[in-house]
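Reading the structure
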Amino acid sequence: MIFRTTNSRAPRPTLRRVRTTPGLRPLHHRLDPAAVEEIPFRAGDGVRLGLTRVDTGESDRPAVLLLHGHTASADMFLLPETRNLVDVLLDDGYEPWLLDWRGSCRLPYNETGQTYTYDDVALYDIPGAVSHIRERIGDRPLFVVAHCIGSLTLSLSMAAGLVPGLAGVVSQGVFLTPKLAGRTSLRMTVAGELLKTRIDHIPVDFRKVGLWSKYTPLFALASRKASCPDPTCQILHNSAWGTGASLFVHENLSEATHGRLAELLGPAPLWIMPHLRRIELARSVVRWHDTDHRYRALPPNALDAAGRIDTPVLLLAGSENGLWLDSQKLCHDVLAHRQPQLDVAYTEIPGYGHLDTFLGRGAALDVFGHILDFLGKRR
């Protein structure tokens with residue numbers, strides 16, 4: 001039998017484009033491209049990350065490593081539409097380094113990659129980056145400015161003694177004592193259990209998922225009583241990925257930054273929730289892996305091991321933080337009582353929330369001066 005084929009002119013269905021390779025999305029900045037060095041970098045367990053150095057042409061500047069929060073990226077420190085933290089550091093005589101750890105939205109891991117816990121960030125990503133930077137800068141001082149989960153995981157690295165000898169650390173939002181609102185903690189627990197069999201992440205860009213998708217109810221819930229018509233803003237500002245928290249004070253963002261929220265913040269993976277819930281319930285940064293010998297270098301409870309911290313720490317928080325509430329003040333009070341020998345200070349930024357301490361249009365005037373004062377006294 002002879003089978004006859006014909007050429008069909010009917011269009012083929014469009015395949016969904018999914019990022020399956022660990023390629024880094026380009027950074028969005030206004031710096032001279034020649035000054036931005038993208039460094040091929042892998043964590044201690046082989047996972048590809050992103051490490052960027054801003055070359056100033058001067059070899060004697062203190063270095064500052066910037067750590068973003070989960071689902072954000074190094075882009076949050078490079079906003080081209082405003083005076084950003086990298087601009088301020090460059091003008092004040094520092095050499096900025098930016099790490100895109102495995103929770104970065106410039107990488108595909110939150111959506112398609114291998115699952116991980118915050119143990120992996122604390123054990124592999126941050127110590128690996130610090131080690132690489134020190135190989136490059138020699139005996140120059142190295143500071144760290146860390147935001148949200150970047151700061152939380154850094155605290156676990158510090159309590160483990162994996163990043164000794166830092167010149168100073170600025171922690172924004174949360175450090176050793178995470179504290180969420182009761183309704184946020186409850187929603188995180190309930191949503192994690194109810195949704196984990198149906199979805200593995202919560203997106204933020206409604207344009208990518210469309211109206212008729214399994215994510216529509218989440219966006220609809222986030223839109224309740226929202227004052228902004230933008231779905232991305234609703235799920236971040238009005239709901240924080242469905243938790244009922246708020247990530248920023250809306251009025252503090254410029255129109256340009258507000259329009260880029262879907263680029264600046266990516267999907268939140270649900271498989272990280274069990275570790276986050278354990279941390280929040282303990283009101284401390286606790287290790288997830290209790291039986292895996294690979295993680296023995298990390299203390300079971302970072303707060304109990306805080307005496308190993310050997311660097312000055314500035315705890316920053318916005319007075320209107322709708323996610324971590326007064327976690328930083330709590331941390332300062334607890335450490336003052338339990339570890340009075342530590343050099344830990346607390347500063348509250350009036351009128352700011354969580355993300356707008358870096359993304360806000362007035363952050364250079366209202367926030368960054370506190371960072372520069374702290375670094376300047378220790379450089």
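So, a few notes on the structure that sits alongside this text. This structure is a prediction, so every number in the text was calculated from the model and none was measured. (Residues numbered from 1 in each chain as written. Predicted model: local features only at pLDDT ≥ 70, side-chain atom pairs only at ≥ 80, totals over all residues. Heavy atoms only, no water.)

With respect to the packing of aromatic side chains
Put simply, the rule reads: The criterion for an aromatic pair is that two Phe, Tyr or Trp rings (for Trp, the six-membered ring) have centres within 6.5 Å, with stacked assigned to planes under 30 degrees apart, edge-to-face to planes over 60 apart and tilted to the rest. We count a stretch as a helix when DSSP gives it H or I for four or more residues in a row; a strand needs E for two or more, and each element gets its number in order from the N terminus. Using a 1.4 Å probe on the protein chains alone, a residue whose accessible area is under 20% of its type maximum counts as buried, one over 50% counts as exposed, and one in between counts as partly exposed. Here, over-ring charges are defined by two tests on the NZ atom of lysine or the CZ atom of arginine: distance to the ring centre within 6 Å, and angle to the ring normal within 35 degrees.
Under the definition given, this model contains 5 aromatic pairs. An angle of 85° between the planes, with centres 5.3 Å apart, marks the rings of F77 and F358 as edge-to-face. With a gap of 281 residues between them, F77 in the loop between β3 (63-67) and α1 (85-91) and F358 in helix α12 (residues 356-359) connect regions that are remote in the sequence. You'll find F77 and F358 in the same group, each marked buried. Between the aromatic rings of Y116 and W271, the centroid separation amounts to 4.9 Å while the plane-to-plane angle is 80°, which identifies the pairing as edge-to-face. Of this pair, Y116 sits in the loop between β4 (95-100) and α2 (118-137) while W271 sits in the loop between β8 (268-269) and α10 (273-282); the two residues are 155 residues apart in sequence, bridging distant segments of the chain. According to the relative accessible area criterion, Y116 is buried, its value standing at 5%. A relative accessible area of 23% means that W271 is categorised as partly exposed. Pairwise contacts between aromatic rings join F77, F358 and F368 into one cluster. The ring of Y94 has R379 lying over it, and the distance from NZ or CZ to the ring centre is 4.4 Å.

Observations regarding the sheet that holds strand β10 (residues 344-349)
Strand-to-strand pairing in sheets goes through backbone hydrogen bonds, with the strands running parallel or antiparallel. What counts is decided by this rule: Two strands are counted as paired when DSSP detects at least two bridges linking them. Angles run from 0 to 180 degrees between N-to-C directions of axes, and those axes are lines fitted to C-alpha atoms, restricted for helices to the stretch in contact. Whether two residues are in contact is decided by their heavy atoms: any pair within 4.5 Å suffices.
Strand order in this open sheet of 8 strands is β1-β2-β4-β3-β5-β6-β9-β10, and the pairing throughout is mixed. Among the strands making up the open sheet, the edge pair consists of β1 (36-42) and β10. This sheet shows a mean twist of 20° between the axes of neighbouring strands, independent of strand direction. Taken together, the 4 bridges between strand β6 (residues 168-172) and strand β9 (residues 313-318) define a ladder with parallel strand orientation. Its bridge partner lying in β9, V169 is registered against V313. Each of β3, β5 (142-147), β6 and β9 touches helix α3 (residues 149-159); the most contacted strand, β5, lies at about 130° to it.

Concerning α10
For α10, the complete set of buried residues consists of M273, H275, L276, R277, I279 and E280. Downstream of α10 by a residue or two, R283 has a phi angle that is positive, lying close to 55°.

Here we look at the side chain of R287
Secondary-structure assignment places R287 in the loop between α10 and β9. The exposure class of R287 is buried, given its relative accessible area of 12%. Residues within four places of R287 in sequence aside, it is in contact with D119, H275, R278, Y295, R296, L298, P299 and P300.

Some thoughts on the packing of α2 against α3
How we decide: By the definition adopted for this analysis, an angle is roughly parallel if under 35 degrees, roughly antiparallel if over 145, roughly perpendicular if from 65 to 115, and oblique otherwise. Residues are grouped as follows: Ala, Val, Leu, Ile, Met, Phe, Trp, Tyr, Cys and Pro are nonpolar; Asp, Glu, Lys and Arg are charged; every other residue, Gly included, is polar.
Taken N-terminus to C-terminus, the directions of α2 and α3 make an angle of 80°; their axes are 9 Å apart at the nearest point. As far as their axial angle goes, α3 and α2 are roughly perpendicular. Contacts from Y118, D119, V121, A122, I126 and P127 in α2 reach I149, G150, T153, L154, L156 and S157 in α3. Counted by class, the contact of α2 with α3 contains 8 nonpolar, 3 polar and 1 charged residues.

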